[in-house]
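# Secondary and tertiary structure notes
Spelled out, the chains give:
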Amino acid sequence: MGTQSSTGMNTSSIGTPASSAALYSQQSSATSQPLAYADVVKAGNSLASATSGWTVPAQPLPKPSYTYVAPRDQKKESTQNGTSTPGTPPQKKGFDSERLPQSLREYVLRAFEKAPNPVLRDRVQNELKVMIDEATRKGALWITDWSTKPLPSSCKDSVDGEQKGPTKFQIKSTMLPPKANVIDGLSSPTPKAKQASPAPGSPLIPAKRRKSLYLPDTALSKPIPVDSSSDSDNPSADETLKKLPPSQRQKEIEKRKERAKRFKTDDRKTRENKERENRRVREAFLAAGAEGNPDVIDWDEYTIVGTCKKLEKRYLRLTSAPDPANVRPLHILRQTLELLKEKWKNEQNYTYICDQFKSLRQDLTVQRIKNDFTVAVYETHARIALEKGDLGEYNQCAAQLLQLYKIPLSGNVDEFLGYTILYLILTLNRSDTHLDPSLAPELVKLLGTLTDTDKSGRCVSHALHVRTAVTIGNYHRLFHLYNTAPKMCAYLMDHFAERERLKAMRVICKAYRPDIPIDFVAKELGFLYPNQEDDGMAVVRAREETYEWLMEKGAVFKTDGAGGGKRTTDPTGDAKEKITLDTRASLPVFADLVRRVQAKGVDIKGQIH
Amino acid sequence: MNKINAYLAKVSNAIDSENGEKLAAALRLDDDHVYKLADALGKVHNLPSVVGNRLNTPWSDIVAAHLRVVKEGILEESEEQVASLQNALAQTFHDAFTGMMRWTLPVLYTIDTDLRRRCIKADNVRLAKGDKARWREEAVRGISKAFAACCTDRFGILEKSKKWGTYRILNLLLKMYTEMNQTNLTSTILRSVANADLPSLDQFPIADQVTFKYYTGMLAFYDEQYKKAEECLSFALKRCKAKGPDTKRLAKNKMLILNYLIPTRLLCGTLPHPTLFEKYPIVHRLYGNFVLAIRNGDVRLYDESLSKKQRELIRRGTWLAVERARIVAVRVLFRKTWIIHDRTTRVPMAAFRQAMQLAGTEVDLDEVQCMLAIMIDRGYLKGYLSFEKQTVVLKNEGPFPPVASVPL
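Definitions and cut-offs
Residues numbered from 1 in each chain as written. Chains lettered and ligands numbered in written order. Predicted model: local features only at pLDDT ≥ 70, side-chain atom pairs only at ≥ 80, totals over all residues. Heavy atoms only, no water. Helix = DSSP H or I, 4+ residues; strand = E, 2+ residues; numbered from the N terminus. Buried < 20%, exposed > 50% of the residue type's maximum accessible area, 1.4 Å probe, protein only. Contact = heavy atoms within 4.5 Å. Areas by Shrake-Rupley, 256 points an atom, 1.4 Å probe, with all protein chains shown as cover. Axes fitted to C-alpha atoms, helices over the stretch in contact; angles between N-to-C directions. Parallel < 35°, antiparallel > 145°, perpendicular 65-115°, else oblique. Nonpolar A, V, L, I, M, F, W, Y, C, P; charged D, E, K, R; others polar. Buried area = accessible area lost by both parts, 1.4 Å probe. Salt bridge = Lys/Arg side-chain N within 4 Å of Asp/Glu carboxyl O. pLDDT = per-residue confidence, 0-100. Phe/Tyr/Trp six-rings, centres within 6.5 Å; stacked < 30°, edge-to-face > 60°. Lys NZ or Arg CZ within 6 Å of the ring centre and 35° of its normal. Expected span 1.5 Å × (residues − 1). Polar contact = N/O pair within 3.5 Å; in protein donor to acceptor, adjacent residues only side chain to side chain. Core = buried A, V, L, I, M, F, W, Y, C linked by side-chain atoms within 4.5 Å. Pairing = 2+ DSSP bridges.

### Some details on the overall build of chain A
For chain A, the helix and strand inventory stands at 23 helices and four strands. Evaluated residue by residue, chain A yields a buried proportion of 53% over its 609 residues. Put simply, 73% of the contacts in chain A that link residues at least 6 apart link residues at least 24 apart. Approximately 27,100 Å² of chain A is accessible, and the part contributed by carbon and sulfur atoms is 52%.

### Here's the deal with the packing of helix 20 (residues 489–511) of chain A against helix 22 (residues 365–378) of chain B
Contact geometry of helix 20 of chain A with helix 22 of chain B gives a least axis separation of 8 Å together with a crossing angle of 80 degrees. The orientation of helix 20 of chain A with respect to helix 22 of chain B, classified from their angle, is roughly perpendicular. On helix 22 of chain B, the residues that touch Arg 506, Val 507, Lys 510 and Ala 511 of chain A of helix 20 of chain A are Ala 373, Ile 374, Ile 376 and Asp 377 of chain B. Looking at the contact of helix 20 of chain A with helix 22 of chain B residue by residue, the classes come out as five nonpolar, no polar and three charged.

### Notes on the interface of chain A and chain B
One widely used convention gives an interface's size as the accessible area the parts lose upon coming together. Listed per partner, the contact involves 35 residues of chain A and 32 residues of chain B. Across the chain A/chain B interface, buried area totals approximately 2,800 Å², and carbon plus sulfur atoms make up 55% of it. Where chain A touches chain B, the interface holds four salt bridges. Among the ionic pairs, Arg 506 of chain A bridges to Asp 377 of chain B, the shortest N-O distance being 2.9 Å.

### Observations regarding the packing of helix 16 (residues 281–296) of chain B against helix 20 (residues 326–340) of chain B
Residue and element names in this part refer to chain B. Relative to each other, helix 16 and helix 20 sit at 30 degrees, their axes nearing to 7 Å. By the angle between their directions, the pair helix 16 and helix 20 is classed as roughly parallel. Contacts between helix 16 and helix 20 involve Ala 293, Ile 294, Arg 295 and Asn 296 from the former and Val 328, Ala 329, Val 332 and Lys 336 from the latter.

### Details of the confidence of the model for chain B
Mean pLDDT over chain B works out to 89, with 100% of the residues at or above the 70 mark. The ipTM assigned to the predicted complex is 0.83, against a pTM of 0.66.

### Let's talk about the packing of aromatic side chains
For the structure on display, the rule yields 25 aromatic pairs over all chains. With 5.2 Å between their ring centres and 65 degrees between their planes, Phe 221 of chain B and Tyr 260 of chain B make a pair best called edge-to-face. Here Tyr 260 of chain B lies in helix 14 (residues 247–268) and Phe 221 of chain B lies in helix 12 (residues 206–222), a separation of 39 residues in the sequence. These aromatic residues form a ring-pair network of at least three members: Tyr 214, Tyr 215, Phe 221, Tyr 222, Tyr 226 and Tyr 260 of chain B. If you follow Arg 501 of chain A out to its NZ or CZ, it ends over the ring of Phe 527 of chain A, 4.1 Å from the centre.

### Let's talk about unusual backbone geometry
Following Arg 513 of chain A, the chain continues into Pro 514 of chain A via a peptide bond in cis, with omega recorded as -10 degrees. By secondary structure assignment, the location of Pro 514 of chain A is in the loop between helix 20 and strand 1 (515–517). Between Thr 57 of chain B and the following residue, Pro 58 of chain B, the backbone shows a cis peptide bond with an omega angle of -5 degrees. The residue Pro 58 of chain B is located in the loop between helix 5 (47–54) and helix 6 (59–74) in this model. Its identity is not glycine, yet Arg 368 of chain A carries a phi of approximately 55 degrees, on the positive side. Of note, Arg 368 of chain A is situated in the loop between helix 12 (350–366) and helix 13 (372–388). Residue Gln 390 of chain B is not a glycine yet carries a positive backbone phi of 50 degrees.

### Some remarks on helix 23 (residues 583–599) of chain A
All names here are of chain A. The end-to-end C-alpha distance of helix 23 is 24 Å, a good match for the 24 Å that 17 residues give at a rise of 1.5 Å each. For helix 23, the set of buried residues is Thr 583, Ser 586, Leu 587, Phe 590, Ala 591, Leu 593, Val 594 and Gln 598. Check the buried side of helix 23 and you find it contacts helix 20, strand 1, helix 22 (536–553) and strand 4 (580–582). For helix 23, the N-terminal cap is Asp 582; the gap from its side-chain oxygen to the backbone nitrogen of Arg 584 is 3.2 Å.

### Examining the environment of Phe 352 of chain B
Residue and element names in this part refer to chain B. Position of Phe 352 relative to the elements: it lies in helix 21 (residues 349–359). For the pair Phe 352 and Leu 372, spaced 20 residues apart in the sequence, the C-alpha separation amounts to 8.7 Å. In contact with Phe 352, other than residues within four places in its own chain, are Phe 334, Thr 337, Val 347, Val 368, Leu 372 and Val 392.

### Regarding the nonpolar core
Counting residues in each nonpolar core, the largest one holds 237 residues, and the members touching the most others are Tyr 394, Met 505, Tyr 512 and Leu 550 of chain A together with Phe 334 of chain B. A total of 12 residues in this core trace back to one element, the largest contributor, which is helix 20 of chain A. Formed by 12 residues, the second largest nonpolar core is a distinct cluster that contains Met 131, Ala 135, Leu 141 and Trp 146 of chain A.

### Regarding the sheet that holds strand 3 (residues 391–394) of chain B
Residue and element names in this part refer to chain B. Pairing within the open sheet is antiparallel, and its three strands lie in the order 1-3-2. One side of each edge strand has no neighbouring strand; the edge strands of this open sheet are strand 1 (346–348) and strand 2 (383–386). Geometrically, the sheet is characterised by an average inter-axis angle of 25 degrees between neighbouring strands, direction not taken into account. As judged from the three bridges shared by strand 1 and strand 3, these two strands associate in the antiparallel manner. Each bridged residue has a counterpart across the sheet, and for Arg 346 the counterpart in strand 3 is Val 393.

Here you go:
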């Protein structure tokens, strides 16, 4: 837990540039008003040292939306002591204690005590700001009894156990000034947004969140201009440092120095290997989570830990920082997965399940949990989606899984690699037997990366055989593979089974004359399973099914078997055994169907038509 | 200082006498002057003015920019600096280029070629660090401008027009797009060349022609337009010089062409002459077995080679095409079967199955039927299958049309 002291509040002195916050302001170039104001303040104050008193600017000032932030070097001085131990009280700056009620100061400190974690802090600050603004407006600032007022509701979401930030967190005076500033309307925006990094090592609220306190929402996404001269000596590092939130920059610089020291003693080769390994892992990790900032190494500071205990939760797209109260921690999520598996087995309610899984995945992402459990969740969801034929959802899960496997995490790699190959096959829009040139490269690239061990896996080798069969147009082998597909491959193949059947029929109608028995079609197109050929009942069933299918397509039949015989399009019951398919007449039917199928494409989410 | 003056004198001379080659050499990054001037450059403080004293604009800017590349990039041994400064040089030059004449083309080539090489190096540095490559894109942007300047040059006298540089720069761009795996972006520049008012291709230097045909052939290959690919690549192969001052590079070029040409020809039904493989052992290693398999109708060997050479062929971008040529091997096998059966019109299906077995592939009768059906559908076999009689009824004359005549 961080330190507070009454002086902490003091040093949060309103308007004192020296002590200012980690909460730097918006770039001044945004509007001209703040600039002018800053000049005024600067002129009026001496900012040379941290201990300088501050002066009240002559004019009554409007409540600006920005807060003034001290130049970096001054900040360092003032908060240097604070870094070393939590127990060191911040220095007393000349603070007019009449500005804020003591009880309010204490109230604020108490509130922050309850919020060690960045997200909570953020929320607490928001609430405090709102409360204090209100009170000011009503003129009730001094009247309210802050000592008995219940703490902001956000504080109640205090997390236990799993948090990682607390020991490093220190309630810096730097946290508080913005609020006080706002209240008194004395804050001034920085002329140049020199970031004020508080003592290195203190993980304050990440840039984005801090800004949200004072700035209009549009400001949130804008980058912070940085005075690069104050940063490390290495010119190229400036760029990457700039990407970091200011609070992290100093830390990052020191970390780099440490890292560099570490590497000096290593053998060059091992160093290179280590770096390569780190990079690879980092990239995989990033890719799996799609984080924006490539240089943030210490994830701990940004991890949110959930507190929600409810197993089930509906999915809501996130529009702002997630509320830990709504996020389920890992141990709850584990139970959730089991529950969902049971429910799926018993109820088979896909809309519900899909929704639940999406929120489950969301909780995992928000808490940056990437482990075997994550893999299990994605795999389960993918399989369920496959079962229901939801290719869009499947595709999302599969893409994530491939990234997770690279980290590396263990999972059913063979299975999902196989699915990937099949998925690529079915997204190819084909003309005749040829692959669409623009899509084939992805499949070919994937093939090039498969190792021999990969290829020997059951699902992968099956998928590869399918690919070959589809490319060559070997329907015989293809439907055999279809009927002997492992795991859930058949669900994927379902999506191109129809297309391939039409193509096969076209080939058959082209090649065979004058006709062929229905049973043959049943066998070749996979309506009859490979081990059922001697099973009389199965044969009849397959024959029926094939008839249905052919009739539906508009095929032309013949009665009385080969050679001669009447042509008919509607075979009636008893004569079915003698009915054959008239290949010459059926050819145009299938040729046309194939053309039409190939004209359709694949939509954005990965669904094919 | 003297050295610099001497250098500038040479440059000035070249400009005055409109000697493009000499000027290009003075601006080339692997020329001697780079290291000869190293010391002198270190001592000079205000390069632009030193250069400006001896040369007029725009050359003063250009030469100054080049010297900056040397001083701040090469001598500092920072690849990214070099790329960045070379980019700046290219920009300066391209801006001035529109007002220049044909004699400056060698300079353009030099600057842009150096630009490409240096950007590749810089990108490799970035990739090694874990950053994304970005220099090549910058380079392409700049070179595209130069291309536009050449292509649309309006100078009245054709002899002196910059149009003569179009194909050379176009080829450079095609090369870069290929390296960046962005061949989809080539269509725009190819279209502009096709629509531009340029002299016909055969009037351009043969080197430009061959390179251009190579790239267009390669692009057609990827686009599965094999007839067009065959045309372009054959031209390139034929006209590509085999002997010269730089035989090694020429041989390499020939092999690059052959890499695409052989699979194309396989699909079109032409097999390479054995002497070809003797001349180019690398190509032999890659495609030798496939050719043999097709010649003998050895489907098993073909399949085996497909899996063994898969990785290599994928790397060279030709695996898909080779896979597609498999049917030709099947066709040869089936044709042999027919011949063995005295070229009758009715051959039992079992015979083909036997043939497949003899060739080493174990297939059941149904699968053979499937393969026969495919052959008929594609047009490699003319005839039909009689299910009832389980025979193949072949056309009387020419049941196996020449592969070249079968539509792909």
